[in-house]
Amino acid sequence: MSFASLFTIPSLQLQDRCSTSEWLVATNFLPLFAVLLLTTVLWYSYNKSHQSNSTFDTNKLPPKVKDSFWTVLKQFFSPTVPQYLLQLSREQGPILRLPLAPPGQSLICVSDYRVARQILEHPQSTKWPHSYQLFAQAFGGPNFFTLEDDRYKHTRRNHSAALGPQYMEQTGNAIILQCIDDWMQEQHLLSTENDTTVVIDISRELQVLMARIITKVAFDYHDMSRSDLELCVNAIFIIYQEVFVESQKNPLRRLLPFLFPQKMRALQATQDLQRYCRLMMESFRQRLLLQQQQQHQPPPSGMDKSRNQNNTGSSNQQEQAPVNRNCLLALVLQDEGYASDQERCVDLVAYFAGGFETSGYTAMWALLEIARHPDIQDELRNALKKAATQGTDAAAPSCSPSSCYWKHCEFLHHVVKEAMRLHPVAAGGSIRVLAQDLTTPQGYVIPKGSVALMPFYCIQRNRNVYTEQPDEFCPHRWNEDPSSVGNEDHDNKNDKTSQSKPNMEAMKQSWMSFSLGRRNCKGQLLALTELHMLLARLIVNYEWSVVEEGQVQYAVTLKTMGTKLQARKRRTLFRPPHTNKSMKSKSKEG
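Cut-off values and rules
- What you see as residue numbers is a count from 1 along each chain, following the sequence as written.
- Totals for whole chains, interfaces and linings use every residue, but because this is a predicted model, local features are given only for residues with pLDDT of at least 70 and side-chain atom pairs only at 80 or more, for both listing and counting.
- Only hydrogens and water are set aside; all other atoms, that is, all heavy atoms of the structure, feed into the side-chain values.
- Secondary structure follows DSSP: runs of H or I at least 4 residues long count as helices, runs of E at least 2 residues long count as strands, and numbering of each begins at the N terminus.
- Each salt bridge in this description consists of a side-chain nitrogen of Lys or Arg and a carboxyl oxygen of Asp or Glu lying within 4 Å of one another.
- Exposed residues in this analysis have more than 50% of their type's maximum accessible area, buried residues have under 20%, and partly exposed residues fall in between, with area computed by a 1.4 Å probe over protein chains only.
- Here, strands pair whenever DSSP counts at least two bridges between them.
- In what follows, a contact means two residues having at least one pair of non-hydrogen atoms within 4.5 Å.
- Orientation is described by lines fitted to C-alpha atoms, with helices fitted over the stretch in contact, and by angles between N-to-C directions that extend from 0 to 180 degrees.
- Helix span, as expected, comes to 1.5 Å for every residue beyond the first.
- Nonpolar core, defined: a set of buried Ala, Val, Leu, Ile, Met, Phe, Trp, Tyr and Cys residues in which side-chain atoms within 4.5 Å join the residues together.
- Here the word oblique covers every angle except those under 35 degrees (roughly parallel), over 145 (roughly antiparallel) and from 65 to 115 (roughly perpendicular).
- Crossing handedness: left-handed means the near helix sits turned counterclockwise from the far one by under a right angle, and right-handed means the same turn made clockwise.
- Amino acids are sorted into nonpolar (Ala, Val, Leu, Ile, Met, Phe, Trp, Tyr, Cys and Pro), charged (Asp, Glu, Lys and Arg) and polar (every other residue, Gly among them).

What about the environment of Ser78?
Logical step 1: Counting through the fold element by element, Ser78 comes out in the loop between helix 3 (69–76) and helix 4 (81–92).
Logical step 2: Separated by 475 residues in the primary sequence, Ser78 and Gln553 place their C-alpha atoms 9.3 Å from one another.

As structure tokens, then:
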């Protein structure tokens, strides 16, 4: 969620190095700016009078931030707004009123996980329409992510199976593993040379990988080229930067988009994403029709069959790769709750963008932290090797032991969980409108109808919960059993980063990177599967080090740009023992 979307009257800022056209537009519309400024003053005065005339006891309200309205406004436009809110929560308290509230409402920043859980898990809490409508602008129309009506309900009800455990075990895991191997081949990580060393821009390349995974796993579309994937990755970056940052600074970009080339590029990027989604819908329908026709045709006899086998390609290819009728795209097309294909298309854009951008940057943060900490990297590698010697996963018969051994590696789960705690990609968290008055543990009362901003970046770094080094990457803090660590030589009892048992439950309750309640992330199982499989594949046989840290940015998601890591193949490669056994058994069967 973008912090810049929290208010209705954006500010107009002239950049130091703005183009001549932008400068002329801004100066020619100074009267409009004056109107906006006057509206802001009237808005502020209305809030003051409304609160002073209210019968509600204002002494029970959470305290206001000490910073001025303009200071808070300026910070909300900056790329460091998560860090600013974290500083506020530590210096002024975990429950604060922000001076950006719309008329008749209070805007409360909640950094206490107990209060956040109450709000998110309340069945009548709703999304704040103003902040989420920006995603409608980004994706080209209202969608399941922005709405609270039947559109949201029928998509949640009808599409969940395509992102559930049964589908992932039967279909998704194998596709993810194949996509990872193909990506590693592109990056020359699977070279047969012993001293392979590769430098990878993970902030970009992992986006491409995750985009490829979701097109195949969720949309059953296998014809997206790398150039197409790169175009989609660039499109999301352009759209988010324009809709959630630039257009909020300067309202003229929305009123007169043709005067701003970057705004026009963002509009074109949205059209490009919709075009790709329409292409995937049409391709799926054509494949489904072809498959149905083939099923109704009588089997060819004798000579006809042999001739059919010699024909060029498409029909045989379709027979070898039947249409996946259980994938997300299939369920969207079957869903009769949609009024038109345009509604389906916009929802697919939302699924697509939300499916690869967040997962890609989460994987980037995790791999970056592993590269920063060689000791943790070595421990994780040893833990993965140990897990690979354990038995097969009976719950996943379609997943070979060599690809599913990560499930037995507890330390890998801790590494992923800690990376997501420290660097939640959705750093801004969730925004909800309260359905009833709420009393906080601090004794404050948040009135019904208030807008609650719950930044996960602050909640998951709360010093009262994460008492030891809350701003450091410490996977061992999640070890509930001091003896259950990845490296048997590691003395967890003397590790200052491990948390005391009384604090473990609070840590678990405060971890909410996928949000909570009825509007939590539908694709979290897919995301976690991608992360665990990818890290297990990359860490076992490669040593990672930092070449360039990159630059941290925040626009909808918390990310770095230009982060480069070096991967060096280890001299002694590890292969799970089950791989050799399965290969021998197959050779005997042959």
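Quick look at the pattern of salt bridges
Logical step 1: Under the defined criterion, the tally for this structure stands at 28 salt bridges.
Logical step 2: Here Arg226 and Glu205 are joined by a salt bridge, their closest N and O atoms 2.6 Å apart. Of this pair, Arg226 sits in helix 10 (residues 226–249) while Glu205 sits in helix 9 (residues 202–217), and the two are 21 residues apart along the sequence.
Logical step 3: Residue Glu205 is classed as buried on the basis of its relative accessible area of 12%.
Logical step 4: A salt bridge links Glu480 to Lys508; the nearest nitrogen and oxygen atoms lie 2.7 Å apart. Of this pair, Glu480 sits in the loop between helix 20 (456–459) and helix 21 (501–510) while Lys508 sits in helix 21; the two residues are 28 residues apart in sequence, bridging distant segments of the chain.
Logical step 5: Residue classification places Glu480 among the partly exposed positions, given a relative accessible area of 42%.
Logical step 6: Residue Lys508 is classed as partly exposed on the basis of its relative accessible area, which comes to 31%.

Some thoughts on the pairing of strand 10 (residues 551–555)
Logical step 1: The sheet contact formed by strand 10 and strand 11 (residues 557–561) spans 5 bridges and is antiparallel. Paired with Val552 across the two strands is Thr560, which belongs to strand 11.

Quick notes on the sheet that holds strand 8 (residues 451–454)
Logical step 1: The sheet built from 5 strands is open, its strands ordered 1-2-8-5-3 with mixed pairing. Looking at the sheet topology across the chains shown, the edges are occupied by strand 1 (95–98) and strand 3 (126–127).
Logical step 2: Pairing analysis gives 2 bridges linking strand 3 to strand 5 (residues 430–433), with the strands arranged antiparallel. Within strand 5, the position partnered with Thr126 by the bridge is Val433.
Logical step 3: Contacts between helix 5 (residues 113–121) and the sheet are confined to strand 1, strand 2 (107–110), strand 5 and strand 8, with strand 8 contributing the most and set at about 120 degrees to the helix.

Details of helix 19 (residues 410–422)
Logical step 1: Between its first and last C-alpha atoms helix 19 spans 18 Å; for 13 residues at 1.5 Å apiece the expected length is 18 Å, and the two agree.
Logical step 2: The buried fraction of helix 19 is high, at 10 of 13 residues.
Logical step 3: Along helix 19, the residues that are buried comprise Phe411, Leu412, His414, Val415, Val416, Glu418, Ala419, Met420, Arg421 and Leu422.
Logical step 4: Packing partners of the buried residues in helix 19 comprise helix 16 (341–372), helix 17 (374–388), helix 20 and helix 22 (524–539).

Here we look at the nonpolar core
Logical step 1: One finds Leu189, Phe219, Tyr240 and Trp544 to be the most contacted residues of the largest nonpolar core, which totals 161 residues.
Logical step 2: The leading source of residues in this core is helix 16, at 18 residues.
Logical step 3: Contacts of Phe219, omitting those with residues within four sequence positions, involve Ile214, Met280, Phe284, Cys327, Leu328, Leu329, Leu348, Tyr351 and Phe352.

Topic: the environment of Leu516
Logical step 1: In this fold, Leu516 is placed in the loop between helix 21 and helix 22.
Logical step 2: Along the primary structure Leu516 and Ser430 are separated by 86 residues, whereas in three dimensions their C-alpha atoms are 9.2 Å apart.
Logical step 3: In this view, Leu516 contacts Arg117, Leu120 and Glu121; residues no more than four positions away in its chain are not counted.

Looking at the packing of helix 9 against helix 16
Logical step 1: Taken N-terminus to C-terminus, the directions of helix 9 and helix 16 make an angle of 140 degrees; their axes are 8 Å apart at the nearest point. Viewed along their axes, helix 9 and helix 16 adopt a mutual orientation that is oblique. Relative to helix 16, the crossing made by helix 9 is right-handed. Counted together, Ile202, Ser203, Leu206, Gln207, Met210, Ala211, Ile214 and Thr215 of helix 9 and Tyr351, Phe352, Gly355, Phe356, Glu357, Ser359, Gly360, Tyr361, Ala363, Met364, Leu367 and Leu368 of helix 16 form the full contact between these two elements.
Logical step 2: In terms of residue class, the contact of helix 9 with helix 16 is made up of 13 nonpolar, 6 polar and 1 charged.

Side note on the packing of helix 9 against helix 22
Logical step 1: In contact at an axis separation of 12 Å, helix 9 and helix 22 are set at 125 degrees when each is read in the N-to-C sense. The orientation of helix 9 relative to helix 22 falls into the category oblique. Like other packed secondary-structure pairs, helix 9 and helix 22 cross with a definite hand, here right-handed. Where helix 9 approaches helix 22, its residues Leu206, Leu209, Met210, Ile213 and Val217 are matched on the opposing element by Leu526, Glu530 and Leu534.
Logical step 2: Split by residue class, the contact of helix 9 with helix 22 holds 7 nonpolar, no polar and 1 charged.

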